[in-house]
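# Topology and contacts: notes
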Amino acid sequence: MTEHTNGPWRQRVGPTTHPLIEDERGRTIAVVSVQHDVPVLAASTDMLAVLKQAREFIDLIGSDDDAVQIALLADVDRAIARATGVQP
Amino acid sequence: MTPPTPGPYRVLEIIPAERGGLCGRAPEGHDTITSDSGGDCRIEILSTTDHMRDVFGSGHGGHIATVPIPLGLAARAQAIANARLLAAAANLLAVCKMQREFIESARNMDNAVQVAVLADVDGAIALAEGKTP
């Protein structure tokens, strides 16, 4: 499956009609309707990377409550699958 | 700071009628709809499950962003991957916060690793919320 454009993605600096999210090479990823949605959208690649890293860590550590750990890992896996189209 | 539009978000591909667009489901799993008003192929990120109301602007739900689809199959595939990731943004943020809570409360671990992972999670959350970590 084709992967998303490499991060980081950032908002274009400068006045535009609608905020733009661009990759490092200045290519437009998306045109956003309202400013308050820009940070969460632009941080998508960062969040996905951190989510995968933290998943590995959580998988390694013991927990006082395994049910909580298992449920969290399931939520993480669903989020990664939804974001990438691929099961981790 | 105004919080982002609540999720879930979803992906809707708009295909102009002159390019043979059809309403239905793309092989990648997202919905598609034909546009009679022309324009380029594009993907809309929407905040509601009712795509017809979104497209015709009843104000039920909302438009989050537009992902342009460049010409070429590889470019289209990457635009769809980008749209899928964007549509998951609100969910990613929520799960990052859940991870943070779990890692912070966990015991019996290498503290240096815990601190480093927490710092990375905090950085991503701060970025997503438009704050300085």
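Below: a short report on this structure. (Residues numbered from 1 in each chain as written. Chains lettered and ligands numbered in written order. Predicted model: local features only at pLDDT ≥ 70, side-chain atom pairs only at ≥ 80, totals over all residues.)

In terms of helices and strands, chain A carries three helices and three strands. Of the regular secondary structure in chain A, the N- to C-terminal order runs β-β-β-α-α-α. Within chain A, buried positions represent 33% of all 88 residues. Nonlocal contacts in chain A, meaning residues at least 24 apart in sequence, comprise 30% of its contacts between residues at least 6 apart. (Helix = DSSP H or I, 4+ residues; strand = E, 2+ residues; numbered from the N terminus. Buried ≥ 20, exposed ≤ 12 C-beta atoms within 10 Å, placed from the backbone. Contact = placed C-beta atoms within 7 Å.)

This paragraph deals with the interface of chain A and chain B. Taken together, the contact pairs 38 residues of chain A with 42 residues of chain B. Secondary-structure elements contributing two or more residues to the side of chain A that touches chain B are strand 3 (28-32), helix 1 (38-42), helix 2 (44-60) and helix 3 (66-84) of chain A. Here the side of chain A that touches chain B takes eleven residues from helix 2 of chain A, the largest share from any one element. Grouping the amino acids of the side of chain A that touches chain B by side-chain chemistry returns 21 nonpolar, twelve polar and five charged. Two strands pair when backbone bridges link them, and strand 3 of chain A and strand 5 (residues 63-68) of chain B are joined in this way by two bridges, in the antiparallel orientation. Counted as the bridge partner of Val32(A) is Ala65(B) from strand 5 of chain B. (Nonpolar A, V, L, I, M, F, W, Y, C, P; charged D, E, K, R; others polar. Pairing = 2+ DSSP bridges.)

Sheet strands line up and pair through hydrogen bonds in the backbone, either parallel or antiparallel. Spatially, 1(A)-2(A)-3(A)-5(B)-4(B)-1(B)-3(B)-2(B) is the arrangement adopted by the eight strands of the open sheet, whose pairing is mixed. The open sheet has two edge strands with one neighbour each: strand 1 (10-11) of chain A together with strand 2 (24-25) of chain B.

Further remarks concern helix 2 of chain A. Note: α-helices contain 3.6 residues per turn, so residues at a spacing of three or four share the same orientation. Here helix 2 of chain A contains 17 residues, and its C-alpha end-to-end distance of 25 Å stays within 8% of the 24 Å for a straight helix at 1.5 Å per residue. All buried positions along helix 2 of chain A are accounted for by Ser44(A), Thr45(A), Asp46(A), Met47(A), Leu48(A), Val50(A), Leu51(A), Ala54(A) and Phe57(A). Close packing links the buried residues of helix 2 of chain A with helix 1 and helix 3 of chain A together with helix 2 (73-87), helix 3 (89-105) and helix 4 (111-128) of chain B. (Expected span 1.5 Å × (residues − 1).)

Turning next to the nonpolar core. Within the largest apolar cluster, 54 residues are counted, with the highest numbers of intra-cluster contacts made by Leu41(A), Met47(A), Leu51(A), Ile45(B), Leu86(B), Leu92(B) and Cys96(B). In terms of residue count, helix 3 of chain B provides more of this core than any other element does, eight residues in total. Contacts of Met47(A), omitting those with residues within four sequence positions, involve Leu92(B), Leu93(B), Cys96(B), Ala124(B) and Ala128(B). (Core = buried A, V, L, I, M, F, W, Y, C linked by C-beta atoms within 7 Å.)

As a further point, take the pairing of strand 5 of chain B. Pairing geometry for strand 4 (residues 42-46) of chain B and strand 5 of chain B, over five bridges, is antiparallel. Opposite Ile43(B), over in strand 5 of chain B, you have Val67(B) as the bridge partner.

Take Ala26(B): it is sitting in the loop between strand 2 and strand 3 (31-35). According to the C-beta neighbour criterion, Ala26(B) is partly exposed, with 16 such atoms within 10 Å.

The next thing to look at is unusual backbone geometry. Omega for the bond connecting Gly7(A) with Pro8(A) falls within 30 degrees of zero, at 0°, which places this linkage in the cis form. In this structure, Pro8(A) sits in the segment before strand 1. Of the consecutive residues Gly7(B) and Pro8(B), the connecting peptide bond is found in the cis state with omega at 0°. Residue position: Pro8(B) is located in the segment before strand 1 (10-16).

The next point concerns helix 2 of chain B. Its 15 residues give helix 2 of chain B an end-to-end C-alpha distance of 21 Å, which sits within 8% of 21 Å, the value for a rise of 1.5 Å per residue. Listed as buried for helix 2 of chain B are Ala79(B), Ile80(B), Ala81(B), Asn82(B), Ala83(B), Arg84(B), Leu85(B), Leu86(B) and Ala87(B).

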